[in-house]
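Each chain is listed here by its residues.
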Amino acid sequence: MTKEEVFNKVKDIIVDQLDVDADKIKEDTNFKNDLYLDSLDIFEVVDKIEDTYDIEIETETDKGMKTVGDLVDYVFKQQTK
């Protein structure tokens, strides 16, 4: 799976889980500052991504993910291990 495919899937998950406008989702979109997500919203997205990709995103790692691109990079790296 390419990084672009991971981005598109993560974007779809964010849109589906949180009813966010797809046009707002870019790699540099900040979860809190641009999408105004709280920790519960982010947890819902992370939980769905974990299920989708059969990976585990550690809580400490999750806190370091401020943008959609950060999350995409992490998922992509997990897929290429």
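In the block above lies the structure referred to throughout.
What you see is a predicted model; the values in this text were computed from it and never measured. (Residues numbered from 1 in each chain as written. Predicted model: local features only at pLDDT ≥ 70, side-chain atom pairs only at ≥ 80, totals over all residues. Heavy atoms only, no water.)

Caption draft 1: A look at the pattern of salt bridges. Applying the stated criterion across every chain yields a total of one salt bridge. Across the salt bridge formed by Asp 73 and Lys 3, the nearest N and O atoms sit 2.5 Å from each other. With Asp 73 in helix 4 (residues 68-79) and Lys 3 in helix 1 (residues 3-18), this pair connects stretches of sequence that are 70 residues apart. (Salt bridge = Lys/Arg side-chain N within 4 Å of Asp/Glu carboxyl O. Helix = DSSP H or I, 4+ residues; strand = E, 2+ residues; numbered from the N terminus.)

Caption draft 2: Structural detail: the packing of helix 2 (residues 39-53) against helix 4. At a closest axis distance of 12 Å, the pairing of helix 2 and helix 4 adopts a crossing angle of 20°. When the axis of helix 2 is compared with that of helix 4, the two are roughly parallel. Crossing of helix 2 against helix 4: the hand is right-handed. Two secondary-structure elements touch here, helix 2 through Val 45, Ile 49 and Tyr 53 and helix 4 through Leu 71, Val 75 and Gln 79. (Axes fitted to C-alpha atoms, helices over the stretch in contact; angles between N-to-C directions. Parallel < 35°, antiparallel > 145°, perpendicular 65-115°, else oblique. Left-handed = near helix turned anticlockwise from the far one by under 90°. Contact = heavy atoms within 4.5 Å.)

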